[in-house]
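Chain and residue survey
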Amino acid sequence: MLRLALLLPLTCALAACGGATGTTTGATGKSATIRSTGRPPTRPAVRTPPPRPTAQFQTAPGLEGVIGADADQLTRLFGAPRLDVREEDARKLQWSGTACVLDAYLYPTEQGSRPVATYVDARRGDGRDVDRAACVAALKRP
């Protein structure tokens, strides 16, 4: 009993050490004391996106004038694309003819720069691969 009598004031004294920061009244009309934990508030970590990889240029004979060209230059070379897909800062343009289907993938070479063709892919209507340079030659406007 003596121990209980000594522990009760000690417990009350320790509870008061938290440092009250304010008193609020709840919906029930009872007041509640808000105590600080003594630790600074935590903030969520700010995540920075990883740096984007730089565009890698495809090189192959017969693709000169296509690789490195922007959308306007490609439109002058092949006419209006039948497909124009944009996703964030990337772009895919597609042209088709009787000989093949040509896809040009455009990416910016630097942050904020105009996207240019860094890769082209060519195939037949049934999906079989076609020589890229031959497809470029077949689809070029006279």
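Read on for an overview of the structure. (Residues numbered from 1 in each chain as written. Predicted model: local features only at pLDDT ≥ 70, side-chain atom pairs only at ≥ 80, totals over all residues. Heavy atoms only, no water.)

1. Regarding helix α2 (residues 71-78)
One turn of the α-helix equals 3.6 residues, which is why residues spaced by three or four share an orientation. Inclusion rule: Think of it in three bands: residues with accessible area under 20% of the maximum for their type are buried, residues over 50% are exposed, and the middle band is partly exposed, with areas taken using a 1.4 Å probe on protein chains only. Helix and strand labels come from DSSP, where a helix needs a run of H or I of at least four residues and a strand needs a run of E of at least two; each type is numbered from the N terminus. Each direction from the helix axis to a C-beta atom contributes to the arc, which is the arc of those directions. By definition, residues are in contact when any of their heavy atoms lie within 4.5 Å. Polar contacts, as counted here, are pairs of nitrogen or oxygen atoms within 3.5 Å of one another; within protein the pair requires one atom able to donate a hydrogen and one able to accept it, and residues that are adjacent in sequence qualify only if both atoms are side-chain atoms.
The set of residues buried in α2 consists of Ala71, Leu74 and Phe78. For α2, the angular spread of the buried residues around the axis is 60 degrees, confining them to a single face. On its buried side, α2 packs onto β4 (90-96), β5 (101-108), β6 (115-123) and α3 (132-139). Structurally, the start of α2 carries an N-cap: the backbone nitrogen of Asp72 is 3.2 Å from a side-chain oxygen of Asp70.

2. Section: the side chain of Asp70
Mapped onto the elements of the fold, Asp70 is located in the loop between β2 (31-35) and α2. Using a relative accessible area of 13% as the deciding quantity, one classes Asp70 as buried. A polar contact of 3.2 Å, which involves the side chain of Asp70, links it to the backbone nitrogen of Asp72. Those residues in contact with Asp70, other than ones at most four positions away along the chain, are Leu106, Arg114, Pro115 and Val116.

3. Quick notes on the state of the cysteines
In a disulfide, the sulfur atoms of two cysteines are held together by a covalent bond. Just so we agree on the cut-off: Only a pair of cysteine sulfur atoms within 2.5 Å counts as a disulfide in this structure description.
Applying the stated rule across the entire model yields one disulfide. Disulfide partner of Cys100: Cys135, at an S-S distance of 2.0 Å. Across the disulfide from Cys100 to Cys135, rotation about the S-S bond amounts to roughly 95 degrees, and the bridge is consequently right-handed. One end of the pair, Cys100, is in the loop between β4 and β5; the other, Cys135, is in helix α3, and 35 residues separate them in sequence.

4. What about the pattern of salt bridges?
As a reminder, the rule being used: The term salt bridge refers to a side-chain nitrogen of Lys or Arg lying within 4 Å of a carboxyl oxygen of Asp or Glu.
For the structure on display, the rule yields eight salt bridges. The residue Asp84 makes a salt bridge to Arg86 at a minimum N-O spacing of 3.7 Å. By relative accessible area, Asp84 is classed as partly exposed at 36%. Under the relative-accessibility criterion, Arg86 is labelled exposed at 58%. Among the ionic pairs, Asp103 bridges to Arg123, the shortest N-O distance being 2.4 Å. Taken together, the residues Asp103 in strand β5 and Arg123 in strand β6 connect sequence positions 20 residues apart. A relative accessible area of 22% means that Arg123 is categorised as partly exposed. What you see here is one network of salt bridges that share partners, running through Asp70, Asp72 and Arg114.

5. Some words on the pairing of β4
As a reminder of what qualifies: A pair of strands counts as paired when DSSP detects no fewer than two bridges linking them.
Extensive coverage of β4 is indicated by the burial of five of its seven residues. Pairing geometry for strand β3 (residues 83-87) and β4, over five bridges, is antiparallel. The residue of β4 that forms the bridge with Val85 is Lys92. Counted along the chain from β3 to the antiparallel partner β4, the turn is two residues long, and its residue Glu88 has a positive phi close to 55 degrees. Sheet topology note: the β4/β5 ladder contains six bridges and is antiparallel. From the neighbouring strand, Gln94 faces β5, where its bridge partner is Asp103. Between β4 and β5, which pair antiparallel and follow one another directly, the connecting turn spans four residues.

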